[in-house]
Amino acid sequence: MAVKQIPLEPVLATLRPVSLTMHEIEVELFFPAEAVEGGAVLALPVWTPGSYLVRDYARFLDRLEVVDGAGQPSPFRKADTHRWRVEGSARGVKVTYRLFCNDLTVRTNHVDAHHAHLVGAATFLYVEGQPARPYEVRFEGWPKGWRAATSLPRREGSYLAEDHDTLVDSPFELGTFRMHTFRARGCEFQVAITGQHPGDEGRIMDGAEAIVGAAARIFGGFPFRRYLFLLTFSPKVRGGLEHRDCTSLLADPQQLERAEGYYDLFTLIAHEFFHVWNVKRMRDAVLGPFDYQAENPSRLLWFHEGFTSFLQYDLVLKAGVAPWSWVSRKLAASWTDNTTRAGRLEQSLEEASFDAWIRHYKPTEFSANSTVSYYDMGAMVGWMLDAELRLATGGAKGLDGLFALLWERHGDGPVTDADVRGACRDLLGRDPQAFWAAHIQGRAPLDAAGIEKAYGLRLNARAPWEALPGAEAEDPDALRRARVWAGLTFQGGAAVVQNVVPGSPAARAGLGYGMEILAVDGWRTASAQEVQGRLGDAGPGDQVQVLAAERGRLETFPMTLAENPQRAVHITTDPKATPAQKAAFQAWTGQPFPARRA
Ligand SMILES: [Zn+2]
């Protein structure tokens, strides 16, 4: 016998500005009687999906008041930092509170005189134990001419979220944004652009359309009817957050003064759009439904974020919106970072994923020596696996083919590490466990052999003195300066030590984090550049006297310099590349094999 589901009554939410310049808004929530019958606990999430850090959004919430259905103050008690216990009422209860919204990121609220960007997790209380309860959201009292952009459907002046997860997954942008639209494969795409910039919005739209087209070719279409890009320009910001039917993007307007800035924006768009499939639908079971009150650690972020960070380049290349010359420089820089970073052998990708909450999102001065990034290292390992797949399939399938197969098998549902390995096994025709043991569960160094073999590329590692330009390559002073190494990095331009590479000359000399280097061999050093310059007066094997200040005390550290072990990778094409390698390159990038040096 079928049991007829009685629809839950919605929470009625009304959002009003209090002071745009003070970044304050008021939220009014009416909880129907059935939601609070016998009392209820109302909670605010401590984090938002996609950004793996406990943010304690309740610290921005003030002046909470509760009245019953008759408008009389109703007792309530704060149960812990982010939960409130309210009494039941036969006519429902109305809760109002203020939110301070002054953090312009894709995972926090930002309200000012020009716009409002509101994220569900930071905005709406929910009834504990009632995740299926729908919400109706209205906006009142906002400036004349402002509109709202959201992926939620609209009915009679309200936006409807079918449950709390959907509400959290559907940010709102309010303001006077410019709305562009296009259609692809029967689906509607909207791009709401906020903020001034010197660029060409037609070019942004053409790029977005080409990118979604490239993704549809991998997955055979789109798993939605409508998709919304919220793109906000503001100086010195960059970021994106994925949602099922929408994404929030932040970009620096100045980047649109250069072609590379468009490539970077398109790569961000491609990354977030790939998440439509990878993490928002195919996902580790801990990543939805979520526990909004605690950390939800996943061992699969190398897959969800790292592989997406490789596929972002796949998409922009296939879409033809960024050239190989630019992508190859980005890949080379990431390969260099992940083959020289001091912590590259200290953490597996699984470990880096699981600890994202306390490591990646809470970096310290020691992070570079003790961690890898599941984004960057994950992307490079993804590239290696992409090459393995090409080699095993005669160039036909790479990581894109792996995702197409996973989508076919798992679609909108949970995916496990074993599922990913299983799909790999079926494409490779062999068990990929050795690769997993080395690069996912283990800490083996990156290996370019498969990439070179699959695509006819060369990943050449060059010492700093081999990369000197023009006449400097012949200049003995320039060569010595490039050769000498202390193992120090600095905080911006100041002569303050940011990192000391373990085992380096600086570490052996006793230099440490946060020390200010005042002089080298008696010469005053007022900046990081001057320290590097004075160190370059000596050569590998020479001893220098470093005067440094630590916690107010001055000390001289004798330091014996070494030869620079850093090697920077640059990517070229193999002049003897075979037709099969060239075909594999074209299958990967959608672009012809580069005629000469890449
Ligand atoms: Zn991502």
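My aim in this report is to walk through the structure given alongside it, one point at a time. (Residues numbered from 1 in each chain as written. Predicted model: local features only at pLDDT ≥ 70, side-chain atom pairs only at ≥ 80, totals over all residues. Heavy atoms only, no water.)

### Side note on the nonpolar core
Next up, step 1: Of all hydrophobic cores here, the largest spans 158 residues; its most connected members are Phe-31, Leu-125, Phe-189, Phe-273 and Trp-383.
Next up, step 2: Of all the elements, helix H6 (residues 301–319) adds the most residues to this core, at eleven residues.
Next up, step 3: Those residues in contact with Leu-125, other than ones at most four positions away along the chain, are Leu-29, Phe-31, Leu-42, Ala-43, Leu-44, Leu-61, Leu-64, Trp-84, Val-95, Tyr-97 and Tyr-135.
Next up, step 4: Residues Ala-509, Met-515, Ala-538 and Ala-548 belong to the second largest nonpolar core, which totals 23 residues. (Core = buried A, V, L, I, M, F, W, Y, C linked by side-chain atoms within 4.5 Å. Buried < 20%, exposed > 50% of the residue type's maximum accessible area, 1.4 Å probe, protein only. Helix = DSSP H or I, 4+ residues; strand = E, 2+ residues; numbered from the N terminus. Contact = heavy atoms within 4.5 Å.)

### What about the coordination of the zinc ion?
Next up, step 1: In the first shell of the zinc ion, the protein supplies His-271 (NE2), His-275 (NE2) and Glu-305 (OE), at 1.9 to 2.1 Å from the metal.
Next up, step 2: The sequence pattern describing where the donors of the zinc ion fall on their chain is H-x3-H-x29-E. Placement of the pair is His-271 in helix H5 (residues 259–274) and Glu-305 in helix H6, with a sequence separation of 34 residues. Both residues of the pair, His-271 and Glu-305, belong to the buried class. (Donors = N, O, S within 2.8 Å, 3.2 Å for Na, K, Ca; no water.)

### Observations regarding the pattern of salt bridges
Next up, step 1: Per the stated rule, a full pass over the model turns up 25 salt bridges.
Next up, step 2: With its nearest N and O atoms 2.9 Å apart, the salt bridge here joins Arg-16 to Glu-28. Highlighted residues: Arg-16 in strand E1 (residues 11–19) and Glu-28 in strand E2 (residues 24–31), separated in sequence by twelve residues. Here Arg-16 and Glu-28 have matching classes, each one buried.
Next up, step 3: Through salt bridges that share partners, Arg-16, Glu-26, Glu-28 and Glu-140 make up one connected network. (Salt bridge = Lys/Arg side-chain N within 4 Å of Asp/Glu carboxyl O.)

### Digging into the pairing of strand E7 (residues 93–100)
A regular strand places its side chains so that they alternate between the two faces of the sheet.
Next up, step 1: Counting buried residues in E7 gives six out of eight residues, a clear majority hidden from the surface.
Next up, step 2: Where strand E4 (residues 61–68) and E7 come together, six bridges link them in antiparallel fashion. Following the sheet pairing, Val-66 is matched in E7 by Val-95. (Pairing = 2+ DSSP bridges.)

### A short note on the sheet that holds strand E15 (residues 172–175)
Next up, step 1: An order of E8-E9-E15-E12 is seen for the four strands of this open sheet, with the pairing classed as antiparallel. The sheet is open, and its two edges are formed by strand E8 (110–111) and strand E12 (147–149), each paired on a single side.

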